[in-house]
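Residue-level structural notes
Spelled out, the chains give:
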Amino acid sequence: MSPAVTLFLMVVSTALAGSVPIKTLVFSTATNTNYIEMIPQRPMNLTAFTLCMRVATELSGRREVILFAYRTGSYDELNVWRELDGRLSFYMVGDPVLFKAPKLGALQTHLCVTWDSTSGLAAFFLDGKRSLSKIYRKGHTVSPGGRVILGQDPDFYLGDFDKHQNFVGEICDVNMWDVVLADSVIQGMFAGEREPRGNVFDWESTELRINGDVEVATRELYTPEADV
Amino acid sequence: MSPAVTLFLMVVSTALAGSVPIKTLVFSTATNTNYIEMIPQRPMNLTAFTLCMRVATELSGRREVILFAYRTGSYDELNVWRELDGRLSFYMVGDPVLFKAPKLGALQTHLCVTWDSTSGLAAFFLDGKRSLSKIYRKGHTVSPGGRVILGQDPDFYLGDFDKHQNFVGEICDVNMWDVVLADSVIQGMFAGEREPRGNVFDWESTELRINGDVEVATRELYTPEADV
Amino acid sequence: MSPAVTLFLMVVSTALAGSVPIKTLVFSTATNTNYIEMIPQRPMNLTAFTLCMRVATELSGRREVILFAYRTGSYDELNVWRELDGRLSFYMVGDPVLFKAPKLGALQTHLCVTWDSTSGLAAFFLDGKRSLSKIYRKGHTVSPGGRVILGQDPDFYLGDFDKHQNFVGEICDVNMWDVVLADSVIQGMFAGEREPRGNVFDWESTELRINGDVEVATRELYTPEADV
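Remember, it's a predicted structure, so these values are computed and weren't measured experimentally.

1. Concerning unusual backbone geometry
Negative phi is the rule for most residues except glycine; trans is the rule for most peptide bonds. All names here are of chain A. Between Glu195 and the following residue, Pro196, the backbone shows a cis peptide bond with an omega angle of -5 degrees. Considering the arrangement of structural elements, one finds Pro196 in the loop between helix H2 (183-190) and strand S14 (208-211). With a phi close to 50 degrees, Arg137 is a non-glycine residue in the positive phi region. Along the polypeptide, Arg137 turns up in the loop between strand S11 (134-135) and strand S12 (147-150). With relative accessibility at 27%, the residue Arg137 sits in the partly exposed group.

2. Considering the pattern of salt bridges
Following the criterion strictly, the structure yields 44 salt bridges over all chains and no others. Note that C:Arg197 and C:Glu204 form a salt bridge whose closest N and O atoms lie 3.8 Å from each other. Given the relative accessible area of 48%, C:Glu204 is considered partly exposed. Linked by salt bridges that have partners in common, A:Arg54, A:Asp173, A:Arg194, A:Arg197, A:Asp202 and A:Glu204 make up one network.

3. Focus: the environment of B:Arg54
Residue and element names in this part refer to chain B. For Arg54, the position within the fold is in strand S3 (residues 48-56). Arg54 gets classed as buried once you look at its relative accessible area, which sits at 3%. Between the C-alpha atom of Arg54 and that of Ser131, which follows or precedes it by 77 residues, the distance is 17 Å. Once residues lying within four places of it in the same chain are set aside, the contact partners of Arg54 are Gln108, Thr109, His110, Glu170, Ile171, Cys172, Asp173, Met189, Phe190, Gly192, Arg194 and Leu221. Here Asp173 takes part through its side chain, which lies 2.9 Å from a polar atom of the side chain of Arg54. Within the structure, the side chain of Arg54 is placed 2.7 Å from the backbone oxygen of Met189, a separation counted as a polar contact.

4. Quick look at the nonpolar core
Ranked by internal contacts, the top residues of the largest apolar core, which has 50 residues, are C:Phe49, C:Leu67, C:Phe68, C:Phe90, C:Leu150 and C:Met176. Residues contacting C:Leu150, with those up to four places away along its chain left out, are C:Leu25, C:Phe27, C:Tyr35, C:Ile36, C:Met38, C:Leu67, C:Phe68, C:Ile171, C:Val174 and C:Trp203. Counting 49 residues, the second largest nonpolar core, distinct from the first, contains A:Phe49, A:Leu67, A:Met92 and A:Ile171.

5. Topic: the state of the cysteines
Counted under the stated rule, the structure contains three disulfides over all chains. The partner cysteine of B:Cys52 in its disulfide is B:Cys112, sulfur to sulfur 2.1 Å. Taking the torsion about the sulfur-sulfur bond, which here is approximately 110 degrees, the covalent link between B:Cys52 and B:Cys112 counts as right-handed. Taken as a pair, B:Cys52 in strand S3 and B:Cys112 in strand S8 (residues 109-116) lie far apart in primary sequence, 60 residues in all. Both residues of the pair, B:Cys52 and B:Cys112, count as buried. In this model A:Cys172 remains outside any disulfide bridge; the closest cysteine sulfur is found in A:Cys52, 12 Å from its own. The exposure class of A:Cys172 is buried, given its relative accessible area of 0%.

6. Topic: the sheet that holds strand S2 (residues 35-38) of chain C
All names here are of chain C. Strand order in the open sheet formed by seven strands is S7-S6-S5-S4-S12-S2-S14, with antiparallel pairing between adjacent strands. The strands lining the two open edges of the sheet, one partner per strand, are strand S7 (96-99) and strand S14 (208-211). Across this sheet, the average inter-strand angle for adjacent strands is 15 degrees, counted without regard to direction. With four bridges connecting them, strand S5 (residues 76-82) and strand S6 (residues 88-91) associate as antiparallel partners. Bridging from a neighbouring strand, Asn79 pairs with Tyr91 of S6.

7. Some words on helix H2 (residues 183-190) of chain C
The element H2(C) is extensively covered by neighbouring structure, given that seven of its eight residues are classed as buried. Taken together, the buried positions of H2(C) are occupied by C:Asp183, C:Ser184, C:Ile186, C:Gln187, C:Gly188, C:Met189 and C:Phe190.

The rules we used
- Residues numbered from 1 in each chain as written.
- Chains lettered and ligands numbered in written order.
- Predicted model: local features only at pLDDT ≥ 70, side-chain atom pairs only at ≥ 80, totals over all residues.
- Heavy atoms only, no water.
- Helix = DSSP H or I, 4+ residues; strand = E, 2+ residues; numbered from the N terminus.
- Buried < 20%, exposed > 50% of the residue type's maximum accessible area, 1.4 Å probe, protein only.
- Salt bridge = Lys/Arg side-chain N within 4 Å of Asp/Glu carboxyl O.
- Contact = heavy atoms within 4.5 Å.
- Polar contact = N/O pair within 3.5 Å; in protein donor to acceptor, adjacent residues only side chain to side chain.
- Core = buried A, V, L, I, M, F, W, Y, C linked by side-chain atoms within 4.5 Å.
- Disulfide = S-S within 2.5 Å.
- Pairing = 2+ DSSP bridges.
- Axes fitted to C-alpha atoms, helices over the stretch in contact; angles between N-to-C directions.

And the structure:
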């Protein structure tokens, strides 16, 4: 978080600010076995979404990194990547939409991606700052019935992982909505607001199934809302 | 918008903040055909102006990028560029005035340029932050009777476009005034204020004429004024 | 200072902001003799800690730099380093935990490191921005009875210093707590908050013992709390 944000929150919202305990996932090593499955709260037939997370990784150089994978039996329904060249991307059944952006790194980034079927508008947000918009898969619908995992890219249904693509680092606060949230709402969550809670995934209540050696720890996340 | 400004506005003006729907232009590919013509609300004989927009582009390296073009039959009356070397510039009939500035990039920048004939003072603003001032075309008047386009640089009246100079990316919220606005007003608009509305171009009402493959979509823009 | 910080301070805390005098240590040359011993306020048997400091150094290239050393008779109980390759690390009896991070440099960085025995979670904070978490020495306890020094790395109890590892630059505001502080509290201290005071080391009261040529000067530190 920038010093200004910090400072602002600190002084203006002293009476309200605090921290909340939050689960966080630490993937310590490159493997093709370790992953977390997240159980969605509703079927994932989506004509729009906002997907957010806090992520930090020391992986650098030319290395693909999977950030989120939702796969049905036949397709990568919604996969979010850091590509070999550092660009961010997401794939919905077929070719991706790619975005240049500041590189994800060892200091934590609040990352969101939004997409709406009607307009096809897609965008990333890094620490609340919006990328340009791109037009992608206008009219498409994400299909339900698959599984969502963090840490690995399934090349078929929950299998065929590649340790040169897996996630190594820390990831937490993965939330998803079935609508495109306004820029202001995304900026608020970057700054620690805990509302609105995700209706597809709500990190505070979503069931996590651990597979292999992933550390699930608890740390304090700053929020301007706590301790009221 | 910086998270700090956003956050500041968000929390301080929670009761007032919200978002407004805004048209946005997505230029997906380098072409010499795609452009948007903007119809001004008054004749463009100007002895001062403030021109603002929100812009993001993945074009990088040594590439000229046209940001705004106002051309009469014989002259480039007011053209705003990102130059080959990344500097920002504007041209009023002849040689430009050039400004070093942080590079425009894939995350959205709020960009303004101001000029006043009496003093000749010219300046850019990036995300509300003012450049140094330069003296340019003291005593000059911008001539009326031309056409304003986004996306291409007309080397004659609405023609001879060059796809190595066109705009690729997203541009929106293009507003223009026939006066130099105060720094504080520009900073306010960067932060999402919707007043004062432009009297030469007001993005919320200006007629846009689409030529070729330019996507006109609607997205939410943060504003501290909405939902009052 | 960023415009946002400026704006924030200007508007919100005009009545409250100010500065406090603070001791600062200037290590001018590479030696194997100059150091400061800090006397802790309580025995250093620790199952968790937060250690913060403000540090600036012109040492660059492949050069180890010791930032904090706590050694008992037999062990490096808690040593914080900038490593040869620029990574940050700390050692508790044996192998270190290493973090990639923006390089420490000639402009002052507010640096914190946190660790908790129960979860093993370890993290650095640079200017309030959190690194990824790593799991380190779960279940370990730091032992009491040693000595803490700034400026040199003791390879045995207060001796065998190496001038190719010593600290050259400025260091101040070294504070330590026997708990992991919340992110928000660390961000607050980065921004100048003076509470909560450290209960292992409190820079405002901790006894410093000067050895050799270390300049102890007083300068003003910004704080949003002063001049109330």
